Amino acid sequence: MNDTRGNPVGTTSPAALSHAEIALWRLVSFYDVPLADLDAAAAEDPAWCWPHLMRAGFLLSLTEPALLPDARAALEQAELRAAGATPRERAHHAALSRCAAGDWLGACTAWEQVLLDHPRDLAALQWAHFFDLHRGDARNLRARVARVLPEWPHDDALRPYVLGLLAFGLEECGHYAQAEAVGREVCAGAAKVPAATHAVAHVLEMQGRHEEGRQWLAQMRPVWAEDNGFAVHHAWHLALFHLEAMDLPAALALYDTEVGGANPVLTLQRLDGASLLWRLQLLGADVGARWSDIALGWDLGVRDVGHSAFNDLHAFVVLLGLRDRVRAQALLAAAQRRAERGAEAPLQAAREVGVPLMRGLLAFHDGELAEAIRLLLPLRERAAPLGGSQAQRELIDWTLLAACTAPGGERRLGRALLNERRVARGNTPLAAHWRARLTR
Ligand SMILES: [Fe+2]
């Protein structure tokens, strides 16, 4: 049998395939999670490996160490069913096994091979896209999608989701006009594609169009806010628009209702809260007990260090926010030890970016401004391997601006960094805030 996009599948059960198709839609749309649909697919055809592979892929893409044992168990279940697997499904197993071992680059390379044979294998594209994001590979966020897009007929129900990925990739490569056009075109259609609303929000963020950004996310709220795994991250984007407008009370209120509290369930969601609190604090807001709030349910110890340099960095930010210098230093030391031991993408990212970045933030936290600037400035140019989006990595720029504009900071550098920001984003209220601090 083939699925509706012509990809060979190792089942003869239309019911199992139907459940797997719904799971795939959930995977790309973020509406609910695909696990119940995958269980249903497995129940319909217990001998089919794919529901187990999809389970592993979904769990791995969340970069949550606590979910790794479940992902590995799913891969073992798939292995037990390998006899009936198609070559495509076996290739997925190999890619996912690399991914589970921390070899994110190897996994992306393996998924690319799947896409050469099956350009409409959306799971391969989505997972490779996720790990392009986690590896900070902006070029492939765009180009990998472009290499398959013309193979997708215009009437394919899942094509808008491919375009959503493309819009984000275009944005991360700085092709803002094209990204916005593609994203808006998708959003004008019938499919609900949070990846496309998100891509447009990124364009508006990078261009300082904060009022349009607030309007866009308000208008598109029915797409991103309800029952959607992307909701916390969209709320974070909305908070960034509030910060660009220097409406700190609105950003704090949004943290309380949609970014923090009980909203996040994954590190990937919590780290946006940490990033928001850090930025609020840089702007002089009193965030009160919110650092304790974001720390709840987040394993901030050293046990899982090394799985994702991006997640480790944000755990470190929370410890600084809590003023827990002892645990922060323990995390930093563990990240450094771990990074020296391996060549996998997350460890390389920690070695080259994550660990020096933590040192820079610690120096800033300690009030050692010159040292903070010395450590942070060179990272601006080579932070991409840390993963996440350009907007998320701007934590570095924000901290540098705060260091430069603090009493005793480096005014000339602060002026240059602010100039750079003003050319990209215009004279927003946030730019006026930094300028006022420079001239104070
Ligand atoms: Fe984003």
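This is a predicted model, so every value here is computed, not measured.

Parameters at a glance
- Residues numbered from 1 in each chain as written.
- Predicted model: local features only at pLDDT ≥ 70, side-chain atom pairs only at ≥ 80, totals over all residues.
- Helix = DSSP H or I, 4+ residues; strand = E, 2+ residues; numbered from the N terminus.
- Rg over C-alpha atoms; globule rule 2.2 N^0.38 Å.
- Buried ≥ 20, exposed ≤ 12 C-beta atoms within 10 Å, placed from the backbone.
- Contact = placed C-beta atoms within 7 Å.
- Domains from an automatic or database assignment.
- Expected span 1.5 Å × (residues − 1).
- Arc of directions from axis to C-beta.

What about the overall build of the chain?
In step 1: Of regular secondary structure, the chain possesses 25 helices and zero strands.
In step 2: Rg of the C-alpha trace for the chain: 22 Å, near the compact-globule value of 22 Å for 440 residues, within the 12% margin.
In step 3: Reported as C-alpha extents along the three principal axes, the dimensions of the chain are approximately 70 × 45 × 35 Å.
In step 4: In the chain, which comprises 440 residues, the proportion classed as buried is 54%.
In step 5: Restricting to contacts in the chain with at least 6 residues of sequence separation, those with at least 24 account for 60%.

A short note on the domain arrangement of the chain
In step 1: Segmenting the chain into domains produces domain 1 (1-136) and domain 2 (137-229).
In step 2: Averaged C-alpha coordinates put domain 1 and domain 2 at centres separated by 23 Å.
In step 3: With 19 residues of domain 1 at the interface, the matching set in domain 2 holds 21 residues.
In step 4: Those elements that place two or more of their residues in the side of domain 1 that touches domain 2 are α1 (14-29), α6 (104-117) and α7 (122-134).
In step 5: Per-element accounting of the side of domain 1 that touches domain 2 gives the leading share, six residues, to α7.

Details of helix α24 (residues 411-425)
In step 1: Its 15 residues place the ends of α24 20 Å apart at the C-alpha level, agreeing with the 21 Å of an ideal helix rising 1.5 Å per residue.
In step 2: For α24, every residue scored as buried is listed here: Gly414, Leu417, Leu418 and Arg421. Buried residues of α24 fall within an arc of 100 degrees about the axis and therefore sit on the same side. Exposed residues on α24 whose side chains face more than 90 degrees from its buried face are Arg412, Ala416, Asn419, Glu420 and Val423.
In step 3: As for α24, its buried residues are in contact with α23 (395-405) and α25 (429-439).

A look at unusual backbone geometry
In step 1: Even without a glycine there, the phi angle at methionine 246 is positive, about 55 degrees.
In step 2: With respect to the helices, strands and loops of the structure, methionine 246 is situated in the loop between α14 (231-244) and α15 (248-259).

Concerning the environment of alanine 181
In step 1: Locating alanine 181 in the fold gives a position in helix α10 (residues 176-188).
In step 2: Distance in space between the C-alpha atoms of alanine 181 and tryptophan 278 is 32 Å, their sequence separation being 97 residues.

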